[in-house]
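Overview (structure and organization)
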Amino acid sequence: PTSSPEAILADAERALEMGERKHRARDFGKALELLAQSSAQIAQAGLVGERKGCLLFAAASANLLEVKRESSRLAELAAPTRLTTTDRAAETEARRLLTSQACEALAQ
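No experiment lies behind these values; they were computed from the predicted model shown.

Here is what the cut-offs are and how they apply
Residues numbered from 1 in each chain as written. Predicted model: local features only at pLDDT ≥ 70, side-chain atom pairs only at ≥ 80, totals over all residues. Heavy atoms only, no water. Helix = DSSP H or I, 4+ residues; strand = E, 2+ residues; numbered from the N terminus. Buried < 20%, exposed > 50% of the residue type's maximum accessible area, 1.4 Å probe, protein only. Areas by Shrake-Rupley, 256 points an atom, 1.4 Å probe, with all protein chains shown as cover. Salt bridge = Lys/Arg side-chain N within 4 Å of Asp/Glu carboxyl O. pLDDT = per-residue confidence, 0-100. Axes fitted to C-alpha atoms, helices over the stretch in contact; angles between N-to-C directions. Parallel < 35°, antiparallel > 145°, perpendicular 65-115°, else oblique. Left-handed = near helix turned anticlockwise from the far one by under 90°. Contact = heavy atoms within 4.5 Å. Nonpolar A, V, L, I, M, F, W, Y, C, P; charged D, E, K, R; others polar.

Here's the deal with the overall build of the protein
Assigned secondary structure in the protein consists of 4 helices and 0 strands. The N-to-C order of helical and strand elements in the protein reads α-α-α-α. Here the protein holds 108 residues, and 27% of them are scored as buried. Carbon and sulfur atoms provide 56% of the accessible area of the protein, an area that totals close to 7000 Å².

Section: the pattern of salt bridges
Applying the stated criterion across every chain yields a total of 5 salt bridges. Across the pair E13 and K52 runs a salt bridge whose closest N-O atoms are separated by 3.1 Å. Separated by 39 residues along the polypeptide, E13 in helix α1 (residues 5–24) and K52 in helix α3 (residues 51–78) bring together distant segments of the chain. Overall, the relative accessible area of 27% leaves E13 in the partly exposed class. Residue E66 pairs with R69 through a salt bridge whose shortest N-O separation is 2.3 Å.

Considerations on the confidence of the model for the protein
Per-residue pLDDT for the protein averages 85, and the proportion of residues at 70 or more is 81%. Of all the helices and strands in the protein, helix α4 (residues 85–107) carries the lowest mean pLDDT, 69, while α1 carries the highest, 96.

So, the packing of helix α2 (residues 28–44) against α3
The geometry of a pair of packed helices is captured by two quantities: the angle between their axes and the separation between those axes. Across the interface, α2 lies against α3 with an axial gap of 9 Å and an inter-helix angle of 155 degrees. With respect to α3, the axis of α2 lies roughly antiparallel. α2 and α3 meet at a crossing whose hand is left-handed. Only G53, L56, F57, A60, S61, N63, L64, V67, K68, E70, S71 and L74 of α3 make contact with α2, whose side of the interface consists of F28, A31, L32, L35, A36, S38, S39, I42 and A43. Of the residues belonging to the contact of α2 with α3, the class tally is 13 nonpolar, 6 polar and 2 charged.

Below is the structure:
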């Protein structure tokens, strides 16, 4: 059965909130899974262009990047390596692109 856009957004919002809680609890694996689920639900339903969908998608995506960054940082402490300038530039570009897309969607 096809869910309504409101139901899809409500499910995505629950997954986002649970992912944020898991992130705070340092359960990075579960946080990554829930945040990816949240953003995928919104994208697959084509709701990124809707105001609430855009905001939830941006929040889930930003949190996903943050969890990945933190888990990478912990991995670095276990096995020291250096982030290259290219890695930092890619992360900065990803954040800029997400913000830009969210703002464009809200302007529509």
